[in-house]
Structure formats: C-alpha cells, structure tokens
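# Chain and residue survey
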Amino acid sequence: MAEGEDMQTFTSIMDALVRISTSMKNMEKELLCPVCQEMYKQPLVLPCTHNVCQACAREVLGQQGYIGHGGDPSSEPTSPASTPSTRSPRLSRRTLPKPDRLDRLLKSGFGTYPGRKRGALHPQVIMFPCPACQGDVELGERGLAGLFRNLTLERVVERYRQSVSVGGAILCQLCKPPPLEATKGCTECRATFCNECFKLFHPWGTQKAQHEPTLPTLSFRPKGLMCPDHKEEVTHYCKTCQRLVCQLCRVRRTHSGHKITPVLSAYQALKDKLTKSLTYILGNQDTVQTQICELEEAVRHTEVSGQQAKEEVSQLVRGLGAVLEEKRASLLQAIEECQQERLARLSAQIQEHRSLLDGSGLVGYAQEVLKETDQPCFVQAAKQLHNRIARATEALQTFRPAASSSFRHCQLDVGREMKLLTELNFLRVPEAPVIDTQRTFAYDQIFLCWRLPPHSPPAWHYTVEFRRTDVPAQPGPTRWQRREEVRGTSALLENPDTGSVYVLRVRGCNKAGYGEYSEDVHLHTPPAPVLHFFLDGRWGASRERLAISKDQRAVRSVPGLPLLLAADRLLTGCHLSVDVVLGDVAVTQGRSYWACAVDPASYLVKVGVGLESKLQESFQGAPDVISPRYDPDSGHDSGAEDATVEASPPFAFLTIGMGKILLGSGANSNAGLTGRDGPTAGCTVPLPPRLGICLDYERGRVSFLDAVSFRGLLECPLDCSGPVCPAFCFIGGGAVQLQEPVGTKPERKVTIGGFAKLD
C-alpha cells in the first residue's frame, strides 16, 4: 500500500515537472531577441514597447548610419572584461576618468557652458527601425541613451536559464584561453571571475577589495531602474507620455500639465489589470482550445481551398491556351489558303508571259500562220490567233502582277487582347455601395436606391438589411431583417411601421463573395397611414387661373389679367378671390397623413384641411379678402358670435409665401380660408422641400410637419363633425405637387359632393 502511494506521488511530481518544463520551453520564444534570435542580453525598451538587445540596437543604428548614439542606458561602471586597460592589475589600480557630472547636467538642460548652444535649431532626430512591428520609432536626440533597460525581462531570462540550464557553465571573462569555469561574480565590476582572477582584480589595500562577490551570472543589472536623462531613481509615472520619470523630470517643462502618478499607484493598477486579464485567459482555456481547433480546421480548409483555386486557375488558363491554339491554327490555315491562291495566279501569269518570248509556241505558231498564202484559210486560222495575240499585247502594255505579294491584310491587332491579358486578375468583391439620398425616402413604403463606386467590380446581386432603431434592444448581437438576392440598384420595403425610424444598409455580392456594407441610412416613416388621393378641379377651381396636371397630382396657379387689374386698383379697393383645389377623398375616421411640395416662388399658398360642407359653402361665393370694406364682424355683440369663437375652426391651414412659412400664435393663425385671422404678430421659418400634414380625426387635431426630418411646425384644432377634405388655396401665382406614393395605388372611394364611386 505504501509502495503504491509512493509511486503515485512520484508520478504526480514527474507530471508537474513535465508541465513546468513544457511551459518553460514554450516561453522560450518570448525571450528571443527579434534581431539576433538569441536570448535577450541587456534588453532595451523601445518607444513602441518592444524589446531589443543593447548590442543589437547599436548594430542596427550603425547600419542606419547613426554613429555615436549607442550610449549605455545604465549608469553602471565599465566592466573589466570589456576594458583593455584593466587587464593588468597595475593598470587596474589607476583611477579611471569618470564623465563630468556637471557636463551631464548641462546637457540635460540645466544651464549652459561656453561653446554650447542652448537648444539647437535643428536637432537630429534618430529613427530606429523596430524589427518586431516593422515600423520606424523615434528615439529622440539621445538615441539609445534615452531608453530604459528592461530589468524585469532580464530577471525572467536569468530564471529561465537556471531552470533549463541553457548555455552550460559560466566561464571566467578575464582568463586567458582556454578560460576556466567562473566561481564568483562582481556586480560593481559587472564581470565573472574564477578564484585566481577574482583575487587578481580585487587586490588587498584597494577600493575594489571592498566589492562583495556574488554568484556567477551573465547579466549584471543595476540595483534599481535609473532615469536615463538625470541618472536618478525613477519615482513617478507620466500617464500622458506613458513613461517613467524621476523627480527632476517631474519639474521640467517637458511634463508640465501632464498627469503624473507615483510608481506605486501605476504598479498596483497595471498589476491588477494584468492579473485580471491573465485570470480571464486561464479561466477560459476551453474557449481557447475550441478556437485553436477552429483555426486548425480553417488551416486545413485553406489548404484544400487553395489547392482547388490553383486547379481552377490552371484549368482556365489551359482553356485560354486551347482557344488561342485553335485560333492560331485557323488563322494559319487562312493564310496558307490565301498564299496558295496567289501563287497559282502568279504562276499562270508567268506561263502566259513566257509564251510571248521569241521562239515560244505562240510566237512561232503566229509566224507560221503568217506564211499562209491562201486567203480564206488564213482568215479562218488567224481570227482566233489574233484574239490571243491582242490579249497578250494588252497584258504586256498594262503589265500588273496577278496577285499582291504583301500579306498586310493578315496582320493581327492584339493590343486590346494583350491589355486584357495583362489586366487579367482575380475577381474582387464589390466595393461598398453608395446610398442615393436624393432618391431614397419613406412614404407609404420605403424606397431605397444606391449605386456602386465608379471603379468597383460588378455585383451580381445585393443584400438589403434593415431594422428599427426605436425598439428596445434585445440581449445579444443586433438582429437585422434581410432581403437576399435583390436585382438592380433599388429595393422596395413594404408595410413599414408608422412613426418609426428605420436604419438600412446594403452590400453587393459576386463570385468572389460579399463586399463591404454601405453606410447606414436612417429614415423616418410617417406618423400615420398615408392617404392616397387626387386633386379634384370640379369645385372652386377657376379654369382660367388653375391648371391641374393630367395625373391630377399637381396644380399651378397662373395669375392673369384679373389679378393685374386688381393690383392696379389695390389702393381704391378691389375684389380678389381665392382659388381653392380639394382632394377627391374625404376622411371620416382614424389618422391620416399626406405630403406635398410647394414651389418656393409661390406668392401665397395655403395648405391644410377643412370640413367638406364649409368648403362647399365657400365655393358658392368667395368673400373679398382684400377690400377694406370687407368686415367679417357685424358689429353686434351676439351670443352666437361668442359661441363661434370658442368652437374649433372648420379650417386648418398653413400659410406659405415667397419661400417662407408664416407661423402665427394661437388658433387665430389657422382660422384660415377667408382671412378671419387678420394681421397677427407671427414668425417665419424657411420652407422645407416637402410639407407633411397629419390629421387625427378622433382628437380633432391637425399637425403640420417637415416631411424630410419630421420636425413639427404647427399643431392646431379642427372641427371634425363631418367629412374632412385636403384643401389647397392660391392667391396669385403658385404651384403644389403631391407626394408620389411608392406602392401601388389602391382603389379610392370619392365622397365629395354626395357622390360615391370607385376609381
């Protein structure tokens, strides 16, 4: 039983040692210098927080052309091992010249001395190429002398060396070759010694005899971290510069106004953060292992996908080569046929010309025919011969090769093809689309329009995502509603919720995959269901002054001769009528919304609603709103008139003129159609691109809005005791355009004038 327990204990100890050894071995890559790929020796902390050996840093600066900027950041005395003058014990007894402390203080900024300029006009800025982050970091004027040594990293390296016995025994640095194993170390001399060399370099009766020996080591560190500028112990941490500072640094103007804390506070805060982060990582080892498995699977998938991509590219290039080879064969065949045809024609021409030579068949035959004396026989034989001789003579006189020897018509223009082949590259995903804010809007439905940037790869289809922003956020990632495979560059989102804010975005897709999302666009939906109607010109519209478009969605007031005559008689009084256009739909319940655009050049336009019965009464005879003889009050203080003052007005209008909106005070500013409001002290606001009207029939309220931002302009009461109609009033020139519905227009029931029909 005891033997089993001992064996189990031994096994546990061995497992722990294996884990420690594995952990230390895995940690080795964190202790390697990125320059020499060996363990750090006197590492320096660069401004980018990476580390590099001091000797390596000096070598890198030397390669960059910086000479004399590789000073030792530590303030320790020079070691005997690196100083040839101390090889001899006799020379070691001499007092080594020390740097002038006054000179160091003056160079640090305290005072001046003869021959030194206070603040050079163009100080040299030393740039160090960091091998870890591949970026250039600024070291300042002092170079490496202005950097801190990473003493913590040195201690970790030393513990690691001791745990895994890296490098074997430590040898004496002062022995003649071959050196003996070191038995002692001296922190003051920063060297390792054997027994004989230690006695030799620390003779009795000298100051060095007071040095206390330590265990041999390869790294001699200062007792504390010293400021590289003032050689004082650092006591504070500057959060602004993220740098340790001493008391002298703290009072310099370099750190004036900076947030400086004691080192103890910075130490505790950073240690707590590091401990918390490390605890989180150690507590989520399962997650780390899962992610490692996912990454390994991604590596395998990348290898397979890369091989498939190579095969696809090779196949496509081979296909291009096959097409080019087939095309080459066909072009060469065409050239060969053309060449044979020309050769045949030239050969025939050569034979024909050879027959004209003296002694040839045709000439000899002609000479023999000329010897014939029988006239009838001569005529019979010479007729055909003469035709041949005539053709030959003509060919001789107008000589021209039967075929051209040039093949310029067979030249190929492959400039475009070569450019295409040169630009042949992998297909890129589409760039982020650009939302067309001028054409994107929300009305009865949401219409989203976009376009691709000019040099973007084409997209086969798009994905539109949208969500409401005015709903409570659900735990977890943001959920978007998605519409896949949208063709074209526009999309229609049907049945949006009223009085909501939607955020939309879109991205393109092609064979290479999905591209980046466009910028989010926020759209406000109308506060109530949209009312679809047309303009009805049968009531109150003067055909001479009002022109309604064919689609009955726009109206323009054209002032003619009557208005000019009225303006001429304005001082003596005139009758100036109000032209009114109504909508062909009356509202009897619920909430309704519609929008319109008013021409900024309009002289005077009123947009609003009114009771159908009251509007029809106004059509019968419009009052004189300009004449000074017009007085809506009879002068009798009757109770009926008092009652009408307290009741809700039958009309509610917003007055627009010359690109401005008149906002009066109280209900009087909306008494409306017949000018009963009179001159009231009000303010004006700029006319927005579109105006929105929201009617709440049950509450008897009308709201006028900016249809672009849905900012409220005016709200007023309305008598809703009967059907209420949209109305538009014109005095002088003006134009109104109803907002086009996005979706399909439903059938509408017309109730104005007591008639009911379906369009």
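Residues numbered from 1 in each chain as written. Predicted model: local features only at pLDDT ≥ 70, side-chain atom pairs only at ≥ 80, totals over all residues. Heavy atoms only, no water.

Where an unreviewed UniProt entry is consulted, the protein chain appears under the name Tripartite motif-containing protein 46, with the organism given as Pongo abelii. Taken from UniProt, the Subunit (unreviewed entry) comment for the protein chain reads in full: "Interacts with TUBB3 and TUBA4A." Under the Sequence similarities (unreviewed entry) heading, UniProt states for the protein chain: "Belongs to the TRIM/RBCC family." (UniProt positions renumbered as here; feature names shortened; annotations may be inferred.)

### Some details on the overall build of the protein chain
Of regular secondary structure, the protein chain possesses 15 helices and 36 strands. When contacts within the protein chain are restricted to residue pairs at least 6 apart in sequence, long-range pairs at least 24 apart make up 64% of them. In the form shown here, the protein chain has an accessible surface area of approximately 48700 Å², with 55% of it arising from carbon and sulfur atoms. (Helix = DSSP H or I, 4+ residues; strand = E, 2+ residues; numbered from the N terminus. Contact = heavy atoms within 4.5 Å. Areas by Shrake-Rupley, 256 points an atom, 1.4 Å probe, with all protein chains shown as cover.)

### Some details on the sheet that holds strand 1 (residues 43–45)
With respect to topology, three strands assemble into an open sheet ordered 2-1-5, the strand pairing being antiparallel. Edge positions in the sheet fall to strand 2 (51–53) and strand 5 (148–149), since each has one partner strand and no second. Bridge count between strand 1 and strand 2: three bridges; the pairing is antiparallel. By the bridge assignment, Val45 is partnered in strand 2 with Asn51. Across the sheet, helix 2 (residues 54–63) is in contact with strand 1 and strand 2; its angle to strand 2 comes to roughly 85°. (Pairing = 2+ DSSP bridges. Axes fitted to C-alpha atoms, helices over the stretch in contact; angles between N-to-C directions.)

### Considering the sheet that holds strand 22 (residues 546–548)
Read from one edge of the open sheet, seven strands run 22-23-34-25-30-31-32, paired in antiparallel fashion. Lying at the two open borders of the sheet, with one neighbouring strand each, are strand 22 and strand 32 (712–717). Within the sheet, the average angular offset between the axes of one strand and its neighbour, ignoring direction, is 20°. Pairing geometry for strand 25 (residues 591–598) and strand 34 (residues 734–738), over three bridges, is antiparallel. Its bridge partner being in strand 34, Cys596 is matched across the sheet by Leu738.

### Brief notes about the pairing of strand 17 (residues 490–493)
Taking every second residue as pointing to the same face, the buried face of strand 17 carries Ala491 and Leu493, while none of Ser490 and Leu492 on the other face is buried. Note that strand 14 (residues 446–451) and strand 17 share four bridges and pair antiparallel. From the neighbouring strand, Leu448 faces strand 17, where its bridge partner is Ala491. (Buried < 20%, exposed > 50% of the residue type's maximum accessible area, 1.4 Å probe, protein only.)

### Concerning the pattern of salt bridges
Applying the stated criterion across every chain, the model contains 12 salt bridges. Among the salt bridges present, the one from Glu465 reaches Arg482, with a minimum N-O distance of 2.8 Å. Of this pair, Glu465 sits in strand 15 (residues 461–468) while Arg482 sits in strand 16 (residues 481–486), and the two are 17 residues apart along the sequence. Put simply, Arg591, Asp696, Arg699, Arg701 and Glu715 are held in one network by salt bridges that share partners. (Salt bridge = Lys/Arg side-chain N within 4 Å of Asp/Glu carboxyl O.)

### Some details on the packing of aromatic side chains
Tallied over the entire structure, the rule returns eight aromatic pairs. Their ring planes at 65° and their centres at 6.3 Å tell us that Tyr443 and Tyr593 sit as a pair that is edge-to-face. With Tyr443 in the loop between strand 13 (441–442) and strand 14 and Tyr593 in strand 25, the pair connects residues that are 150 residues apart, well separated along the chain. The same class applies to Tyr443 as to Tyr593, namely buried. In this structure an aromatic cluster arises from ring pairing among Phe193, Phe198 and Phe201. Taking NZ or CZ as reference, Arg467 lies 4.7 Å from the ring centre of Trp480, over its face. Between the NZ or CZ atom of Arg505 and the centre of the ring of Trp480, over which it lies, the distance is 3.9 Å. (Phe/Tyr/Trp six-rings, centres within 6.5 Å; stacked < 30°, edge-to-face > 60°. Lys NZ or Arg CZ within 6 Å of the ring centre and 35° of its normal.)

### Description of the nonpolar core
Tyr593, Ile661, Leu691, Val702 and Phe728 are the most contacted members of the largest nonpolar core, which has 50 residues in total. When residues of this core are assigned to their parent elements, the largest contribution, five residues, is made by strand 25. Both domains that meet at this core, namely domain 2 (434–525) and domain 3 (535–620 + 649–666 + 682–757), each give it at least three residues. Contact partners of Phe728, with chain neighbours within four places excluded, come to Phe533, Leu535, Asp579, Val580, Val581, Cys596, Lys606, Val607, Val736 and Leu738. By size, the runner-up hydrophobic cluster in this structure holds 25 residues, among which are Met39, Leu46, Cys48 and Leu139. (Core = buried A, V, L, I, M, F, W, Y, C linked by side-chain atoms within 4.5 Å. Domains from an automatic or database assignment.)

### With respect to a nonpolar patch on the surface
On the surface, Leu320, Leu412, Val414, Met418, Leu421 and Leu424 cluster together to form a nonpolar patch covering roughly 580 Å² of accessible area. Looking at where Leu421 falls in the secondary structure, it is placed in helix 12 (residues 415–422). (Patch = residues over 30% accessible without salt bridge, like charges linked within 9 Å, V, L, I, M, F, W, Y side chains within 5 Å.)

### Describing the pairing of strand 32
Where strand 31 (residues 701–706) meets strand 32, five bridges bridge the pair, whose relative direction is antiparallel. For Leu705, the partnering residue across the bridge sits in strand 32 and is Gly712. Linking strand 31 to strand 32, which pair antiparallel, is a turn of five residues; within it Phe710 sits at a positive phi near 60°.

### Let's talk about the packing of helix 10 (residues 361–370) against helix 11 (residues 375–397)
Where helix 10 meets helix 11, the closest approach of the two axes is 10 Å, and the angle between their N-to-C directions is 150°. By the criterion of interaxial angle, the relationship of helix 10 to helix 11 is roughly antiparallel. The two elements helix 10 and helix 11 cross, and the hand of that crossing is left-handed. Two secondary-structure elements touch here, helix 10 through Leu362, Tyr365, Ala366, Val369 and Leu370 and helix 11 through Phe378, Ala382, Leu385, Arg388 and Ile389. When the residues that make up the contact of helix 10 with helix 11 are grouped by side-chain class, the tally is nine nonpolar, no polar and one charged. (Parallel < 35°, antiparallel > 145°, perpendicular 65-115°, else oblique. Left-handed = near helix turned anticlockwise from the far one by under 90°. Nonpolar A, V, L, I, M, F, W, Y, C, P; charged D, E, K, R; others polar.)

### Comments concerning the confidence of the model for the protein chain
Summing up the model confidence of the protein chain, the mean pLDDT is 77 and the portion of residues at 70 or higher is 74%. Note that residues 621–645 has pLDDT below 50 and, in this model, 24 contacts with residues that lie over four places away or in other chains. (pLDDT = per-residue confidence, 0-100.)

### Quick notes on helix 10
Taken together, the buried positions of helix 10 are occupied by Leu362, Val363, Ala366 and Val369. The buried residues of helix 10 occupy an angular sector of 125° when projected down its axis, which confines them to one face. In this structure, the buried side of helix 10 is in contact with helix 11. (Arc of directions from axis to C-beta.)

### Focus: the side chain of Asn150
The residue Asn150 is located in the loop between strand 5 and helix 5 (151–164) in this model. The buried category is assigned to Asn150, whose relative accessible area is 18%. Among the polar contacts listed, one links the side chain of Asn150 to the side chain of Asn51, at a separation of 2.8 Å. If sequence neighbours within four positions are ignored, Asn150 has contacts with Pro43, Val45 and Asn51. (Polar contact = N/O pair within 3.5 Å; in protein donor to acceptor, adjacent residues only side chain to side chain.)

### A look at the environment of Arg556
Tracing the backbone through its elements, the reader meets Arg556 in strand 23 (residues 554–557). Sequence separation between Arg556 and Phe730 is 174 residues, and the spatial gap between their C-alpha atoms is 8.9 Å. In this structure Arg556 touches Arg545, Leu546, Ala547, Asp599, Gly734 and Ala735, once residues within four positions along its chain are discounted.

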